[in-house]
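Tertiary structure, described
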Amino acid sequence: MKCNTFKLVAMTSAVALSAASSNYAFAQTETVNAQLITSSAITTTDVSDMDFGEYLIQFVAGDTPMLTLTNDGSVAVTQTGAVGNGSQVIQITAPASEGVVNVQTPAPATLTITRSASSDFADGGLSLTDTDYRTANDGNNALDADAATGTVTTLVAATDEAVTFGGIIAITATPGDATHAANFDVTFSY
Amino acid sequence: MDFSEWLVQFVVLDTPAITRSASLGFEGAGLSLTDTDYRTASDGNNALDTDTGTGTTLVDATDDAVTFGGVIVITATPADATHTANFDVTFSY
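Counting starts from 1 at the beginning of each chain's written sequence and moves along it residue by residue. Chains carry letters and ligands carry numbers; both start at the beginning, A for chains and 1 for ligands, and go up in the order they are written. Two thresholds apply to this predicted model, a pLDDT of at least 70 for residue-level local features and 80 or more for giving and counting side-chain atom pairs, whereas whole-chain, interface and lining totals are computed over all residues. Remark: hydrogens and water are excluded; side-chain values derive from all non-hydrogen atoms of the structure.

1. Here's the deal with the confidence of the model for chain B
Interpreting fine coordinate detail is not advised for predicted regions of low pLDDT. All names here are of chain B. Convention followed: What pLDDT conveys is the predictor's confidence in a given residue, as a value from 0 to 100. Secondary structure elements follow DSSP: runs of H or I no shorter than four residues count as helices, runs of E no shorter than two count as strands, and numbering proceeds from the N terminus. The contact criterion used throughout is that any non-hydrogen atoms of two residues lie within 4.5 Å.
The predicted model of chain B averages 81 in pLDDT, with 84% of residues at 70 or higher. Strand E5 (residues 67-74) holds the highest mean pLDDT among the elements of chain B, 94, whereas helix H1 (residues 3-11) holds the lowest, 39. A low-confidence stretch, residues 1-13 (pLDDT under 50), is modelled with 13 contacts involving residues beyond four sequence positions or located in other chains. Across the whole predicted complex the pTM is 0.79, and at the interface the ipTM reaches 0.78.

In structure tokens:
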């Protein structure tokens, strides 16, 4: 075989091999998965009531006596109204607790607290007229009536954040000797 | 004629293409995997949102990592759950 003929055969073979190689399709497929876990549940616990304690109360017309319960952890009640006409409001038993509700979220978050379903004292002469709440981050805030809202900040993930309630009982008549109760709901939401 | 070099030039073994397909988004309303990027040691960061790219393997018969990241756009509060999405990537010459 002549040298020129050999070169022609070699080139023809290379072209033919190249054309044949183009028929092979090498491909490999994998699935890439994306995952996201979402967790926003709000957990609450009713820890303690707003306990104002026990009092001797005798009301005289024209006065505006009031019992004010703290919400700063000091657990104290003071008579803060006008008693110039002779009304008597004397503490017999000190308050046992401020109102405390714990709230917890999976991560530090900002919540809205909303008051609803308020049920005032049924007995004439007593009314829970003012209610304040306090948290470590949010300070003291009024939450006086249904539909009132405020901000509650949870500071640590999955850890109870205390929301502490105090308030004012306005006295407008001498109540009967009894255990008097009032309540309202608070709803925490994002 | 150096025949072996012809094969290397023709096949381009070290530069496969990456093609995305069969994308399946989050089923929960409010979440969408809108952007996806991949990165290799040689090819840097590249978008692979709906299209194709290049992935270069650097060493013979050795794994070359193709690392994916992306963006989840949030348009509503999702339910508490494990949300998943996925897509296929096909490596071809």
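2. What to know about the sheet that holds strand E6 (residues 81-92) of chain B
Heads up, the rule is: We call two strands paired when DSSP finds no fewer than two bridges between them. Geometry is summarised by axes, namely lines fitted to C-alpha atoms with helices restricted to the contacting stretch, and by angles between N-to-C directions that run from 0 to 180 degrees.
Taken in spatial order, the 4 strands line up as E1(A)-E6(B)-E1(B)-E4(B) in an open sheet, and their pairing is antiparallel. Both edges of this open sheet fall to strand E1 (27-38) of chain A together with strand E4 (52-54) of chain B, since each of them pairs with a single strand only. Direction aside, the axes of adjacent strands within the sheet are offset by 30° on average. By the bridge criterion, 6 bridges tie strand E1 (residues 17-24) of chain B to E6(B) in an arrangement that is antiparallel. Note on E6(B): the bridge partner recorded for Ile18(B) is Phe91(B).

3. Concerning the environment of Thr50(B)
Residue position: Thr50(B) is located in the loop between strand E3 (44-47) and E4. Thr50(B) sits 16 residues away from Thr34(B) along the chain, and the two C-alpha atoms are 9.5 Å apart.

4. Observations concerning the pairing of strand E10 (residues 139-142) of chain A
All names here are of chain A. When strand E9 (residues 126-135) meets E10, the two strands line up antiparallel, connected through 4 bridges. Each residue of the ladder has a partner; that of Thr135, found in E10, is Gly139. The hairpin formed by E9 and E10 contains 3 residues between the paired strands.

5. Some points on the packing of aromatic side chains
To keep things clear, this is the line we draw: Any Phe, Tyr or Trp ring, taking Trp's six-membered ring, that has another such ring centre within 6.5 Å forms a pair; planes under 30 degrees apart are called stacked, those over 60 apart edge-to-face, and the others tilted. Exposed residues in this analysis have more than 50% of their type's maximum accessible area, buried residues have under 20%, and partly exposed residues fall in between, with area computed by a 1.4 Å probe over protein chains only. Counting as a charge over the ring demands two things of the Lys NZ or Arg CZ atom: a distance within 6 Å of the ring centre and an angle within 35 degrees of the ring normal.
The final tally for this structure, using the stated rule, is 5 aromatic pairs over all chains. Summarising the aromatic geometry, the rings of Tyr133(A) and Phe165(A) are spaced 6.4 Å apart at their centres and angled 45° between planes, so their arrangement reads as tilted. With a gap of 32 residues between them, Tyr133(A) in strand E9 and Phe165(A) in strand E12 (residues 161-171) connect regions that are remote in the sequence. Take Tyr133(A): its relative accessible area is 1%, and that puts it in the buried class. Under the relative-accessibility criterion, Phe165(A) is labelled buried at 4%. A ring pair is formed by Phe165(A) and Phe184(A), whose centres lie 5.9 Å apart and whose planes are at 70°; its orientation type is edge-to-face. You can see Phe165(A) sitting in strand E12 and its partner Phe184(A) sitting in strand E13 (residues 183-189), a full 19 residues away along the chain. Three or more aromatic residues link up through ring pairs in this structure, and these residues are Tyr133(A), Phe165(A) and Phe184(A). Positioned above the aromatic ring of Phe87(B), the side-chain terminus of Arg20(B) is 4.2 Å from the ring centre.

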